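# Results of the structural survey
Here is how the chains run, residue by residue.
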Amino acid sequence: MDNLELEVCGGCNAKIPAGSLDKILESIPNYKRDDIVVGYDTKDDSAVIKVDEKTGIITTLDFFPPMVANPYIFGQIAAANALSDVYAMGADPICALNIVAFPEEGNIELLEKVLQGGADKVTEAKASLVGGHSIHDPKIKYGLTVIGKGDLQKIWKNNTPKVHDKLILTKPLGVTLITNAYSVNIVGKEEYDFALNYMTKLNKYAKDILVKYNVSSATDVTGFGLLGHLGEMVDENYTAILNSDDIPLLKGAKTAANEFVFTKGGQRNRLFMQDRVEFQVDDFALEEILYDPQTSGGLLVSIDSNDADKALSELNENGIEAAIIGEIYNKFDKSIFIV
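Residues numbered from 1 in each chain as written. Predicted model: local features only at pLDDT ≥ 70, side-chain atom pairs only at ≥ 80, totals over all residues. Heavy atoms only, no water.

An unreviewed UniProt entry annotates the chain as Selenide,water dikinase of Peptoniphilus olsenii.

Pasting the structure below:
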């Protein structure tokens, strides 16, 4: 049973491109209820439903095919990734439902390992697993729907930064490049295990610290890469300037990029964002990493400049390798500059 392995084929790299989704969603009529505070129109991480003047219910859904061979670790990563959408709203998960697609002829012990990994992360989040749904499918897919709860006056949104806010990123970048490079022996097991450690780490711990401070806007960095998700944050209203030397990168990520371990998701992200981004540094590998789809990536928050250093110190003191990577400005001719 310990030797059971999954076919690796996805993670957040499997996401449908943002541009394609925008066109589809714009064409679909949608009834607007008054108690829906946040829907999909702002591309936020979760929906928010108003219960009363104080309380909001948070709801989200995330699932994907495996990006690692170990079924237990895949279950952990998929669950951590789904739970992250609630943390990215500054809220706490209450319960979760499993979503499973599994081959009819598949080894059921594989599925047991996947579900155990997911259940352990839901337990760590102090949420309850309350059921789910499964179907037969040729390719394994797993994830969660998650219900959370938060204070309506304190919910973080993904597109409400303020000028002169600092940008804090709570996990280093490059996980998809690392996992792909490991599969073709370009990086070693040390780099691979380090990336797995970040993918299985809940964003709960960073969120629990950041809610003490004046966060204007937040998201988590997943399938659209740092630049895609930051592009949603600044929208057409602001510009972010990132300091290339301050962006935390996984060991081995630049090696993978320099060896041309491209990801389809990364190239889709580049095509979607490149007209809004200007690199003022000549660093091809860094470009690839900033476009790289992240699976269970960190939180990206826009935080009041007076709170940024204090928040960063507390994050670092608690073992979270966060960094201040840039600042929000009034709108320039591009949405994002990397200097």
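So, about a nonpolar patch on the surface. Taken together, the side chains of L21, I24, L25, I28 and Y40 define a hydrophobic patch exposed on the protein surface, amounting to about 400 Å² of accessible area. Along the chain, the position of I24 falls in helix α1 (residues 18-26). (Patch = residues over 30% accessible without salt bridge, like charges linked within 9 Å, V, L, I, M, F, W, Y side chains within 5 Å. Areas by Shrake-Rupley, 256 points an atom, 1.4 Å probe, with all protein chains shown as cover. Salt bridge = Lys/Arg side-chain N within 4 Å of Asp/Glu carboxyl O. Helix = DSSP H or I, 4+ residues; strand = E, 2+ residues; numbered from the N terminus.)

Read from one edge to the other, the open sheet built from 6 strands follows the order β1-β2-β3-β6-β4-β5, with strand pairing classed as mixed. At either end of the open sheet lies a strand with only one pairing partner, and these are β1 (36-38) and β5 (128-136). Within this sheet the neighbouring strands show an average axis-to-axis angle of 20 degrees, counted without direction. Pairing between β1 and strand β2 (residues 47-50): 2 bridges, direction antiparallel. Directly across from I36, in β2, lies its bridge partner I49. Running over the sheet, helix α3 (residues 108-124) touches β4 (92-102), β5 and β6 (141-151) and is turned about 170 degrees from β4. (Pairing = 2+ DSSP bridges. Axes fitted to C-alpha atoms, helices over the stretch in contact; angles between N-to-C directions. Contact = heavy atoms within 4.5 Å.)

Here we come to the sheet that holds strand β9 (residues 238-242). Pairing is mixed in the open sheet, where 7 strands are placed in the order β8-β11-β7-β12-β9-β13-β10. Each of the sheet's edge strands pairs with one partner strand only, and the pair in question is β8 (215-220) and β10 (277-279). On average, each strand axis in the sheet is inclined to that of its neighbour by 20 degrees, with strand direction left out of account. As paired strands, β9 and strand β13 (residues 336-338) are joined by 3 bridges and run parallel to one another. Residue pairing across strands places I241 opposite F337, the latter belonging to β13. Helix-sheet contacts for helix α7 (residues 225-234) involve β7 (166-169), β8, β9, β10, β11 (299-303), β12 (323-330) and β13, and the interaxial angle to β9 is about 145 degrees. In this fold helix α11 (residues 305-317) packs onto β7, β11 and β12, with an angle of close to 15 degrees to the strand it touches most, β7.

Let us now look at the packing of aromatic side chains. For the coordinates displayed, the defined rule picks out 8 aromatic pairs. Measuring from ring centre to ring centre gives 6.3 Å for F279 and Y291, while their planes differ by 55 degrees; the resulting arrangement is tilted. Of this pair, F279 sits in strand β10 while Y291 sits in helix α10 (residues 284-291); the two residues are 12 residues apart in sequence, bridging distant segments of the chain. Across the pair, exposure class does not vary: F279 and Y291 are buried alike. (Phe/Tyr/Trp six-rings, centres within 6.5 Å; stacked < 30°, edge-to-face > 60°. Buried < 20%, exposed > 50% of the residue type's maximum accessible area, 1.4 Å probe, protein only.)

Turning our attention to the packing of helix α2 (residues 71-87) against α3. Packed helix pairs are specified by the crossing angle of their axes together with the interaxial distance, meaning the distance between the axes. Closest axis-to-axis distance for the α2/α3 pair is 7 Å, and the angle between their directions is 40 degrees. The orientation of α2 relative to α3 falls into the category oblique. α3 is crossed by α2, and the crossing has right-handed handedness. Residue-level inspection shows P71, Y72, F74, G75, Q76, A79 and L83 of α2 in contact with α3, the latter providing L110, K113, V114, Q116, G117, G118, D120, K121 and V122. When grouped by side-chain class, the residues that make up the contact of α2 with α3 number 8 nonpolar, 5 polar and 3 charged. (Parallel < 35°, antiparallel > 145°, perpendicular 65-115°, else oblique. Left-handed = near helix turned anticlockwise from the far one by under 90°. Nonpolar A, V, L, I, M, F, W, Y, C, P; charged D, E, K, R; others polar.)

UniProt tags residues 163-335 as "domain: PurM-like C-terminal" (unreviewed entry). Helix makes up 43% of residues 163-335 and strand 18%, with an end-to-end C-alpha separation of 13 Å. (UniProt positions renumbered as here; feature names shortened; annotations may be inferred.)

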